[in-house]
Amino acid sequence: MHAQNLSASAPETDTELESAIALVRTKAPETRFGRLSARRPANGGKYIQVNRVDAAGLVLPSGWTFLVDTAKETVVRTAVDPENFDPKYAVRHGMAC
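Not measured: the values here are computed from a predicted model. Here, residues in each chain are numbered from 1, in the same order as that chain's written sequence. Note on the predicted model: pLDDT of at least 70 is required for a residue's local features to be given, and 80 or more for side-chain atom pairs to be given and counted; whole-chain, interface and lining totals, by contrast, use all residues. Computation of side-chain values covers all heavy atoms of the structure but excludes hydrogens and water.

A. A look at the sheet that holds strand β4 (residues 74–78). Strand order in the open sheet made by the five strands is β1-β2-β3-β4-β5, with antiparallel pairing throughout. Whereas interior strands pair on both sides, the edge strands pair on one side only; in this sheet they are β1 (36–39) and β5 (95–96). Two strands are counted as paired when DSSP detects at least two bridges linking them. Secondary structure elements are defined from DSSP: runs of H or I of at least 4 residues count as helices, runs of E of at least 2 residues count as strands, and each element is numbered from the N terminus. Where strand β3 (residues 65–69) and β4 come together, five bridges link them in antiparallel fashion. Bridge pairing links Leu-67 to Val-76 in β4.

Structure follows, in structure tokens:
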């Protein structure tokens with residue numbers, strides 16, 4: 001699966017996005033076979049957001065959102081609206097994988 005950059009807020013390389021997805025697959029094994037997409041949320045700072053997507057590549061409206069800090073190799077799982085959330089709040093109230 002290729003990572004998708006759905007946000008133009010910060011330039012990422014495919015490698016950064018693919019690294020975020022790989023880290024989620026490693027730390028959250030239940031995502032092993034699902035379709036995933038990565039992007040940087042508009043107000044996410046250092047985090048890359050990874051979500052489940054459907055066959056067309058659209059982010060599923062429910063389920064888990066993963067916030068990934070590739071520099072520290074940390075993954076936080078949180079249940080939020082993937083299109084509208086506060087990353088700082090999500091990280092504080094999420095669960096580390």
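B. Local environment of the side chain of Thr-31. Relative to the assigned elements, Thr-31 resides in the loop between α1 (14–27) and β1. Only protein chains enter the accessibility calculation, which uses a 1.4 Å probe; a residue whose area is less than 20% of its type maximum is buried, one above 50% is exposed, and one in between is partly exposed. Accessibility expressed as a relative area gives 8% for Thr-31, which makes it buried. Each residue touching Thr-31, except ones within four places of it in the same chain, is listed here: Val-24, Arg-25, Leu-36 and Phe-66. Any two residues whose heavy atoms approach within 4.5 Å at even a single point are treated as in contact.

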